[in-house]
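Chain residues, written in single-letter form:
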Amino acid sequence: MSVLKFVTACALSSAALTAQLVYAPVSTAQPTDPVIQWNRNLLAIVRTPGAQPATIHLHPTRSFAILHAAIYDAVNAIDQTHRSYAVQISGVSRQASRAAAADAAAHDVLVALYPRLTGTLDATFQQSLTLVQDGVAKTEGIRIGQAVARGILALRSNDGADQAPLPYVFGSAPGDYQSTPPNFPKQPHFTHWRHVTPFALKQADQFRPGPPPALTSDRYGDEVNEVQSLGVSGGTTATPDEALTGRFWNGAIQNYWNEIAQTASLDRHLTIAQKARLFALLNLSFADGVIAFYDAKYTYNRWRPVTAIRAAGADNNPDTTPDANWLPEVGNTAADPAYPGAHAVISAAGAAVLIAILQRDHLDFAVTSEVLPGVERSFASFSAAADEATQSRIFAGVHFRNDLTSGHRLGRDIADFVLDHFLTRRHRHDEDGVK
């Protein structure tokens, strides 16, 4: 059986970058269902330059959470085995097509989020529906998916995500976040994101970590020296494999974990309903993880290693030594404060959700780099991948160890909260599936 794989192609016009998304058939021994297919479609969109206008400052984890919340509520409206996320549909036939419901929910969500791609998404939707047998079940599934998409989109219509980023004034005192060399961004990213309404958390600071170590502490001195030695561009302290690790994971970390979830769900032969729940829990955790870590980042405004190392002479710590020419292994540093580390938050949350839902940590799988085409690394467990992705930020030269330990704790706390309170199994006396 053939499935449809999203392929991206970009064409540069005199006015702007135009993103084109096309479907190409590929053969596979194991057919994919719409949950994975639409996850792949959105990954293709967020990886396509120009798919989202540069004037719109929306973090992609929001799109993934909306997409998979809608898919989940649509499929679960038919299955009725777990509590809904937000939308309940009455009078649903158990015979309705789960695949059609997922397709319709996903299509309508993505058209709303990426209206410039409406034509391509319409064609994609029609192609996907060819895999569903015509009839009442298909028609009913489409109706359910469309209704759920409207509800989820309405829920997020005033969540604060469309606000303009807040102007940021860089600090100048030791420890203050400053624009980082060699590219010196004029403004940091997502200064407004801490004010976005969470998907599951009660508030952005619900699990906010305490402050990072004092600049004069022994711990801070040790952490500066660690990243200064292991994360320097062209350094010799880190092994070639450690340096490769730093570069390998230097992409959008949530994309890696969505692909890991694809691999795991196919390996475990999950049903459409099980996949819908897994990806919803995963991406709700990621979306709230991003809101929460931006809350912490812009609360503590901690400088990045490249600034700390170059200005070590001013930190009043006798254990640090300045290096005015130091640069990280990966070149540019992400344009936001250091504490806590995003990779640590997302990786801890991703591993926690996968382990909880699949009820196992062990799985032999490979991960393809977001930024090193064709390069793969192999793992025997979700926790091993999470540990490496987290530690990679030291080898990349962009984080201190405490950024990572605090980020890991934050990610676990958020994932545990989502798992405990959302999309839980319905009991016999549940009447509506309200969480």
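Residues numbered from 1 in each chain as written. Predicted model: local features only at pLDDT ≥ 70, side-chain atom pairs only at ≥ 80, totals over all residues. Heavy atoms only, no water.

Colleague: Give a detailed account of the overall build of the chain, specifying residues and quantitative values.
Modeller: Secondary structure assignment for the chain yields 13 helices and four strands. Against the 2.2 N^0.38 benchmark of 22 Å for 435 residues, the chain shows a C-alpha radius of gyration of 22 Å, consistent with a compact globule. Its C-alpha atoms give the chain principal-axis dimensions of roughly 75 × 55 × 40 Å. Once local pairs closer than 6 in sequence are excluded, the contacts in the chain between residues at least 24 apart make up 78%. On the chain, roughly 18000 Å² of surface is accessible, and the fraction owed to carbon and sulfur atoms is 51%. Charge separation in the chain, taken as the distance between the mean sites of 35 positive and 40 negative side-chain charges, equals 5 Å. (Helix = DSSP H or I, 4+ residues; strand = E, 2+ residues; numbered from the N terminus. Rg over C-alpha atoms; globule rule 2.2 N^0.38 Å. Contact = heavy atoms within 4.5 Å. Areas by Shrake-Rupley, 256 points an atom, 1.4 Å probe, with all protein chains shown as cover. Lys, Arg positive; Asp, Glu negative; His and termini not counted. Charge placed at Lys NZ, Arg CZ, Asp CG, Glu CD.)

Colleague: Break down helix H7 (residues 240–248) for me, citing the residues and quoting the values.
Modeller: Those residues of H7 that sit buried are Ala243, Thr245, Gly246 and Phe248. Buried-residue contacts for H7 involve helix H8 (253–267), strand S3 (362–368), strand S4 (376–381) and helix H12 (382–396). (Buried < 20%, exposed > 50% of the residue type's maximum accessible area, 1.4 Å probe, protein only.)

Colleague: Help me get a handle on the pairing of S3, residues and values and all.
Modeller: Only one face of S3 is covered, namely the face carrying Leu363, Phe365 and Val367; the face carrying His362, Asp364, Ala366 and Thr368 is uncovered. As defined by bridge partners, S3 adjoins S4 across five bridges and the pair is classed as antiparallel. Within the sheet, the bridge partner assigned to Thr368 lies in S4 and is Glu376. (Pairing = 2+ DSSP bridges.)

Colleague: Could you give me a rundown of the pattern of salt bridges, with the residues and numbers involved?
Modeller: Within this structure, the stated rule accounts for 19 salt bridges. As a salt-bridge pair, Arg98 and Asp79 come within 2.3 Å of each other at their nearest N and O atoms. Residue Arg98 is found in helix H3 (residues 98–113), and its partner Asp79 is found in helix H2 (residues 60–79); the two are separated by 19 residues along the sequence. The class of Arg98 is partly exposed, set by a relative accessible area of 29%. With a relative accessible area of 17%, Asp79 lands in the buried category. Note that Arg208 is salt-bridged to Asp205, the shortest N-O span being 3.9 Å. Linked through salt bridges whose partners overlap, the residues forming this network are Arg194, Asp205, Arg208 and Asp295. (Salt bridge = Lys/Arg side-chain N within 4 Å of Asp/Glu carboxyl O.)

Colleague: Lay out the packing of helix H11 (residues 342–358) against helix H13 (residues 401–421) in plain terms, naming residues and giving numbers.
Modeller: Where H11 contacts H13, the two axes come as close as 7 Å, and the packing angle between them is 40 degrees. Of the two possible hands of crossing, H11 and H13 adopt the one that is right-handed. For the pair formed by H11 and H13, the contact residues are Ala344, Val345, Ala348, Ala349, Ala352, Val353, Ala356 and Ile357 on the first element and Leu404, Gly407, His408, Leu410, Gly411, Arg412, Ala415 and Leu419 on the second. Of the residues assigned to the contact of H11 with H13, the class counts are 12 nonpolar, three polar and one charged. (Axes fitted to C-alpha atoms, helices over the stretch in contact; angles between N-to-C directions. Left-handed = near helix turned anticlockwise from the far one by under 90°. Nonpolar A, V, L, I, M, F, W, Y, C, P; charged D, E, K, R; others polar.)

Colleague: Hey, could you go over the packing of H3 against helix H4 (residues 118–129) for me, with residue numbers and the actual values?
Modeller: Orientation of H3 relative to H4, taken along the N-to-C sense of each, is 175 degrees, at an axis distance of 10 Å. In this view, H3 runs roughly antiparallel relative to H4, as classed from their interaxial angle. Taking contact as the criterion, the partners of Ala100, Asp103, Ala104, His107, Leu110 and Val111 in H3 are, on H4, Thr118, Leu121, Asp122, Phe125, Ser128 and Leu129. (Parallel < 35°, antiparallel > 145°, perpendicular 65-115°, else oblique.)

Colleague: Describe the environment of Ile253, and please don't skip the residues or the numbers.
Modeller: Along the chain, Ile253 turns up in helix H8. If sequence neighbours within four positions are ignored, Ile253 has contacts with Ala342, His343, Ile346, Ser347 and Ala389.

Colleague: Tell me what's going on with the side chain of Arg156, and back it up with residues and numbers.
Modeller: Here Arg156 shows up in the loop between helix H5 (136–155) and helix H6 (218–230). The exposure class assigned to Arg156 is buried, which follows from its relative accessible area of 4%.

Colleague: Pulling in residues and values, what's your account of the confidence of the model for the chain?
Modeller: Of the residues in the chain, 91% reach a pLDDT of 70 or more, and the chain-wide mean stands at 91. Across residues 1–30 the pLDDT falls below 50, and counting only partners more than four positions away or on other chains, this stretch makes 69 contacts in the model. Contacts of residues 431–435 to residues separated by more than four positions or lying in other chains number 14 contacts, the stretch itself having pLDDT below 50. (pLDDT = per-residue confidence, 0-100.)

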